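Report on the structure
Residue-level listing of the chains:
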Amino acid sequence: MALFQYPRPLPSEITPKEMYLSRRALIGGAAALSTLATAANAASLQTHPGPYSGNLTPTPHEDVTHYNNFYEFGMGKADPAARSQDFHPLPWTLEITGLVRKPVRLDVEQLLRSAAMEERIYRMRCVEAWSMVIPWDGLPLASLLKDADPDPRATHVAFESVLRPSEMPGQSDGLSGIQWPYVEGLRLDEAMNPLTLLALGVYGETLPNQNGAPIRLVVPWKYGFKGIKSLQRIRLLDHEPPTTWNRLASDEYGFYANVNPQVDHPRWSQATERVIGAHSLFGATRQPTLMFNGYGEQVADLYRGMDLRKNF
């Protein structure tokens, strides 16, 4: 598969982080308090520019950290920032087990100090037909899986989030109908694709709680619900694992969840998307949805010969 490397964005095209941070002082009430708490808990990361970052302008920091789906903390977009202050992301251990020759237990605090940390500026497309551009900081998942030495029988990768109802009120209120903990899955070749990232930071700082601290999955050519947050366990399997949204509504949320403007959600079109943080004279900016979210050069070969309407 030929890998196409997007050109790096010019420094002038990336809005200075200080400009976004200065906006926080203008916001009152609970939003301001949660933002200040996020800033106080953030720690700078040492990263270097990674590949595949397109010529993209990142979404404002305030939107990236305050417009979130993270049902472990509630069903509203503001709930994760407002209700995650009691969550403790460190210390944290990430396990890689299953069909591997060398099971590993990774200390996330050590990963946060890794000299291999990369910045990847990726598009993020939610299944709800809105989008962002996010400057993630993290490590390619493939490098960690290789360290575990996958068994030749392994075909899929299962992911499991943390279960902490005492710290995650959405896990105990019963409103979402989700069976906890949150689980996700990829084919092994998808997990090993160079685009697939384990993110430990955003905007050069450690992940805020509401963005999936301390470590989350980022698969930029798939809808955002594939990006499991507060990741605790990875297992390699010889079969397709269950996934949370597919288990909850299999007719609406397929296992693959590849961004595809030609395959609508049963309740709305996927042909266009609302761009968070961008506005025009006529309201929120909309733009056409790109096949594979614009990453077809890197991933289309993974699905050659597949019926993408059936395997949605």
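Nothing here was measured: the structure is a model prediction, and the numbers come from that model.

1. A look at the overall build of the protein chain
Across its full length, the protein chain holds nine helices and 13 strands. Expressed as a percentage of the 312 residues in the protein chain, the buried residues total 55%. By sequence separation, contacts in the protein chain at least 24 residues apart represent 75% of the contacts at least 6 residues apart. Accessible area of the protein chain: about 13,800 Å², with a carbon and sulfur share of 54%.

2. Observations regarding the environment of Thr-289
Residue position: Thr-289 is located in the loop between β13 (283-288) and α9 (296-299). Owing to a relative accessible area of 7%, Thr-289 belongs among the buried residues under this scheme. Between the C-alpha atom of Thr-289 and that of Trp-130, which follows or precedes it by 159 residues, the distance is 9.5 Å. When residues no more than four places from it in sequence are discounted, the contact partners of Thr-289 are Arg-125, Val-259, Pro-261, Gln-270, Ala-271, Thr-272 and Glu-273. Within the structure, Thr-289 has its side chain in polar contact with the side chain of Arg-125 (distance 2.9 Å).

3. Details of the UniProt feature "binding site: Mo-molybdopterin" (unreviewed entry) in the protein chain
The feature "binding site: Mo-molybdopterin" (unreviewed entry), as given by UniProt, occupies Asn-68, Tyr-71, Glu-72, Cys-126, Ser-161, Asn-211, Arg-216, Gly-227, Ile-228 and Lys-229 in the numbering adopted here. Among the structural elements, Asn-211 can be located in the loop between β9 (205-206) and β10 (216-218). Other than its neighbours up to four places away in sequence, Asn-211 contacts Val-64, Thr-65, Asn-68, Arg-216 and Lys-229. Among the secondary structure elements, Ile-228 is positioned in the loop between β10 and β11 (231-237). When sequence neighbours within four positions are dropped, the list of residues in contact with Ile-228 reads Phe-159, Glu-160, Ser-161, Tyr-182, Val-183, Glu-184, Arg-216 and Leu-217.

4. Quick look at unusual backbone geometry
Looking along the chain, the bond that leaves Leu-90 and enters Pro-91 is cis, with omega of -5 degrees. In the segment running from Trp-180 into Pro-181, the intervening peptide bond is cis, with an omega of 0 degrees. Backbone geometry places Tyr-52, a non-glycine residue, at a positive phi of 70 degrees. Among the structural elements, Tyr-52 can be located in the loop between β1 (48-49) and α3 (61-66). Since its relative accessible area comes to 8%, Tyr-52 is described here as buried.

Cut-offs used in this document
- Residues numbered from 1 in each chain as written.
- Predicted model: local features only at pLDDT ≥ 70, side-chain atom pairs only at ≥ 80, totals over all residues.
- Heavy atoms only, no water.
- Helix = DSSP H or I, 4+ residues; strand = E, 2+ residues; numbered from the N terminus.
- Buried < 20%, exposed > 50% of the residue type's maximum accessible area, 1.4 Å probe, protein only.
- Contact = heavy atoms within 4.5 Å.
- Areas by Shrake-Rupley, 256 points an atom, 1.4 Å probe, with all protein chains shown as cover.
- Polar contact = N/O pair within 3.5 Å; in protein donor to acceptor, adjacent residues only side chain to side chain.
- UniProt positions renumbered as here; feature names shortened; annotations may be inferred.

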